[in-house]
Amino acid sequence: MRMFAAQYHRFGPPEVLVTGSYEEPHAGPGQVRIRVAAAGIAPVDLAIRAGLSRGQISLPHVPGVDAAGIIDEIGPGVSGYAVGDEVFGTVDLKRLGGASAEFAVLGFWASKPGKLPWVQAGAAGTSIETATRALDLLDVGAGTTLLIDGAAGGVGSVAVQLAAARGARVVGTGRPGSQDFIAGLGATPVVAGPDLVGRAVELGVSAVLDVAGAGRLAALTTITDAVLTIADFSAAEHGVRMSVGALGGEPDGQHGLQIAAALVEQGQGQGRFRVPVQEVFALEDMAAAHAAAGSGHRRGKIAVWTGLVDSQDD
Ligand SMILES: NC(=O)c1ccc[n+]([C@@H]2O[C@H](COP(=O)([O-])OP(=O)(O)OC[C@H]3O[C@@H](n4cnc5c(N)ncnc54)[C@H](OP(=O)(O)O)[C@@H]3O)[C@@H](O)[C@H]2O)c1
């Protein structure tokens, strides 16, 4: 059977993306297939589209690692979930894509809280996994004052809230135009300027998570020894640990999906955990969605809406 899906037939800029017919995937052992309501765009999707994993994937390729939707097929060995359940999560990352389509097969997922809008759920998976993994590795908890360098983006905006929920004090860097957004997430906002180290020391920062990968590791290591990066490949030169996740054989932070879902259920009003979504595109406009995701100045995620379920805000 065929489905409709975003796809590209050659590597290149966002314009290589088209929407068309594609072979339906099916749930393997330990997996579920969903009818996709919404999907997210992660930096890795842009890198793969540009040719990063040339040789590891065959073309045409369906992009996307994060999605939310309604289970329509259950793979062998899956218990506790039924056809019709609303879930959100990530594809089997070894496939390097498959989420931006009518049907997607998830390798990791959690039940979607009713209070979490579809577009937030669709964009959430890898941001929550990555943030949780990083906070675990830094042992962030009550008593930590955590600096998140790059707090306004997809991972940073979620990491701020998850760290605060652990009882940590959070300081987050961002451009001048992102300061109010970062404060609204629950962090003390700081502009990542020349006095960043001084401000961080003044604020008592005891651990640093580099999300921006902005080439500041040498400076960040003067604040504390507890520095972790997810984005700076020069980490070893600075004696800093880099976390690359399950693809690098590391334990993953998928338990974060359940934690985040519980925070959504428990939260009220303004303080409720959310996955900030900056802009939503129709699946047919995937080229524009990728262009937006690659244009910088993030305040949360770029999401894609398929129109296959009734409402964006159920
Ligand atoms: N290792 C892993 O497991 C893993 C997993 C997920 C993501 N990542 C990587 O982590 C990084 C962040 O991912 P994301 O999803 O959060 O990306 P994103 O949504 O594009 O956000 C990136 C953030 O970094 C900020 N930033 C970038 N360059 C900056 C600079 N020179 N100075 C100050 N701030 C800067 C951005 O601010 P502006 O938008 O205002 O520029 C934005 O807030 C990406 O490099 C991604 O590839 C790694």
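Residues numbered from 1 in each chain as written. Predicted model: local features only at pLDDT ≥ 70, side-chain atom pairs only at ≥ 80, totals over all residues. Heavy atoms only, no water.

### Details of the sheet that holds strand E9 (residues 188–191)
Hydrogen bonds along the backbone pair up the strands of a sheet, which may run parallel or antiparallel.
At step 1: Sheet architecture is open: 6 strands sit in the order E9-E8-E7-E10-E11-E12, paired in parallel fashion. Both outer strands of the open sheet, E9 and strand E12 (241–242), are each paired with one neighbouring strand and no more.
At step 2: Note: strand E7 (residues 145–149) against strand E10 (residues 207–210), 4 bridges, orientation parallel. When the bridges of E10 are listed, Leu-146 appears paired with Ala-207.
At step 3: Across the face of the sheet, helix H3 (residues 154–165) comes into contact with E7, strand E8 (169–174) and E10 while running at roughly 175 degrees to E7. (Pairing = 2+ DSSP bridges. Helix = DSSP H or I, 4+ residues; strand = E, 2+ residues; numbered from the N terminus. Contact = heavy atoms within 4.5 Å. Axes fitted to C-alpha atoms, helices over the stretch in contact; angles between N-to-C directions.)

### Side note on the UniProt feature "domain: Enoyl reductase (ER)" (unreviewed entry) in the protein
At step 1: Annotation from UniProt places "domain: Enoyl reductase (ER)" (unreviewed entry) at residues 12–304.
At step 2: As a span, residues 12–304 carries 27% helix and 26% strand, and end to end its C-alpha atoms are 20 Å apart. (UniProt positions renumbered as here; feature names shortened; annotations may be inferred.)

### What to know about the domain arrangement of the protein
At step 1: Considered domain by domain, the protein is made up of domain 1 (2–124 + 276–305) and domain 2 (129–248).
At step 2: A C-alpha centroid distance of 27 Å is found between domain 1 and domain 2.
At step 3: Residue-level contacts link 9 residues of domain 1 with 11 residues of domain 2.
At step 4: Between domain 1 and domain 2 the total buried area reaches about 800 Å² when both faces are included, carbon and sulfur atoms providing 67% of it.
At step 5: Contact with domain 2 buries area across many residues of domain 1, yet Pro-276, His-297 and Arg-299 alone supply 54% of it, more than any other trio.
At step 6: Here domain 1 and domain 2 share 0 salt bridges between them.
At step 7: For the interface between domain 1 and domain 2, the tally reads 3 residue pairs in polar contact (both at pLDDT 80 or more).
At step 8: When grouped by side-chain class, the residues that make up the side of domain 1 that touches domain 2 number 3 nonpolar, 2 polar and 4 charged. (Domains from an automatic or database assignment. Buried area = accessible area lost by both parts, 1.4 Å probe. Salt bridge = Lys/Arg side-chain N within 4 Å of Asp/Glu carboxyl O. Polar contact = N/O pair within 3.5 Å; in protein donor to acceptor, adjacent residues only side chain to side chain. Nonpolar A, V, L, I, M, F, W, Y, C, P; charged D, E, K, R; others polar.)

### Comments concerning the site of the ligand
At step 1: Around the ligand, the surrounding shell holds 19 residues, and the nearest of these are Gly-154, Arg-175, Ser-243, His-297 and Arg-298.
At step 2: Arg-175 is positioned such that a nitrogen or oxygen atom in its side chain is 2.4 Å from an oxygen atom of the ligand.
At step 3: One of the backbone nitrogen or oxygen atoms of Arg-298 is found 2.5 Å away from an oxygen atom of the ligand.
At step 4: In isolation the ligand offers 910 Å² of accessible surface; the protein chains occlude 74% of this area.
At step 5: When contributions to the shell around the ligand are tallied by element, the ones reaching two or more residues are helix H2 (118–137) and H3.
At step 6: In the shell around the ligand, the residues fall into 9 nonpolar, 6 polar and 4 charged. (Near = heavy atom within 4 Å. Areas by Shrake-Rupley, 256 points an atom, 1.4 Å probe, with all protein chains shown as cover.)

### Digging into the packing of H2 against H3
At step 1: In contact at an axis separation of 8 Å, H2 and H3 are set at 55 degrees when each is read in the N-to-C sense. Classed by the angle they form, the pair H2 and H3 counts as oblique. The element H2 and its partner H3 pack so that their crossing is right-handed. On the side of H2, the interface is formed by Ser-127, Ile-128, Thr-130, Ala-131, Thr-132 and Leu-135, while H3 contributes Gly-154, Val-155, Val-158, Ala-159, Leu-162 and Ala-163.
At step 2: For the contact of H2 with H3, the residue count by class is 8 nonpolar, 4 polar and no charged. (Parallel < 35°, antiparallel > 145°, perpendicular 65-115°, else oblique. Left-handed = near helix turned anticlockwise from the far one by under 90°.)

### Structural notes on the nonpolar core
At step 1: Ranked by size, the top nonpolar core spans 47 residues in total, and within it Phe-88, Ile-128, Leu-146, Ile-148, Leu-162, Leu-209 and Phe-273 carry the most contacts.
At step 2: Where this core is concerned, the elements lending two or more residues are strand E3 (32–41), H2, E7, H3, helix H4 (179–185), E10, helix H7 (255–266) and strand E14 (301–305).
At step 3: Taken domain by domain, the makeup of this core includes at least three residues from each of domain 1 (2–124 + 276–305) and domain 2 (129–248).
At step 4: Here Ile-148 is in contact with Gly-156, Ala-159, Val-160, Val-170, Val-171, Gly-172, Thr-173, Leu-209 and Val-211, once residues within four sequence places are set aside.
At step 5: Of all hydrophobic cores here, the second largest spans 18 residues; its members include Tyr-8, Ile-41, Ile-48 and Val-304. (Core = buried A, V, L, I, M, F, W, Y, C linked by side-chain atoms within 4.5 Å. Buried < 20%, exposed > 50% of the residue type's maximum accessible area, 1.4 Å probe, protein only.)

### A look at the packing of aromatic side chains
Any pair of aromatic rings gets described here by the distance separating the centres and the angle formed by the planes.
At step 1: A full pass over the atoms with the stated rule returns 2 aromatic pairs.
At step 2: Across from the ring centre of Phe-103, 4.0 Å away, lies the NZ or CZ of Arg-33, which sits over that ring.
At step 3: Directly above the aromatic system of Trp-118 lies the positively charged group of Lys-112, at a separation of 4.7 Å from the ring centroid. (Phe/Tyr/Trp six-rings, centres within 6.5 Å; stacked < 30°, edge-to-face > 60°. Lys NZ or Arg CZ within 6 Å of the ring centre and 35° of its normal.)

### Looking at the packing of H2 against H7
At step 1: At their nearest, the axes of H2 and H7 sit 8 Å apart, and the two run at 105 degrees to each other. It follows that H2 is roughly perpendicular to H7 by the angle criterion. Within the contact between the two elements, H2 uses Gly-125, Ile-128, Thr-132 and Asp-136 and H7 uses His-255, Gly-256, Leu-257 and Ala-260.
At step 2: Its residues assigned to classes, the contact of H2 with H7 shows 3 nonpolar, 4 polar and 1 charged.

### What to know about the environment of Thr-221
At step 1: Mapped onto the elements, Thr-221 comes out in the loop between helix H6 (217–220) and strand E11 (227–229).
At step 2: Counting along the chain gives 14 residues from Thr-221 to Ala-207, while the straight-line C-alpha distance between them is 9.7 Å.
At step 3: A polar contact is formed between the side chain of Thr-221 and the backbone oxygen of Ala-218, at a distance of 2.7 Å.

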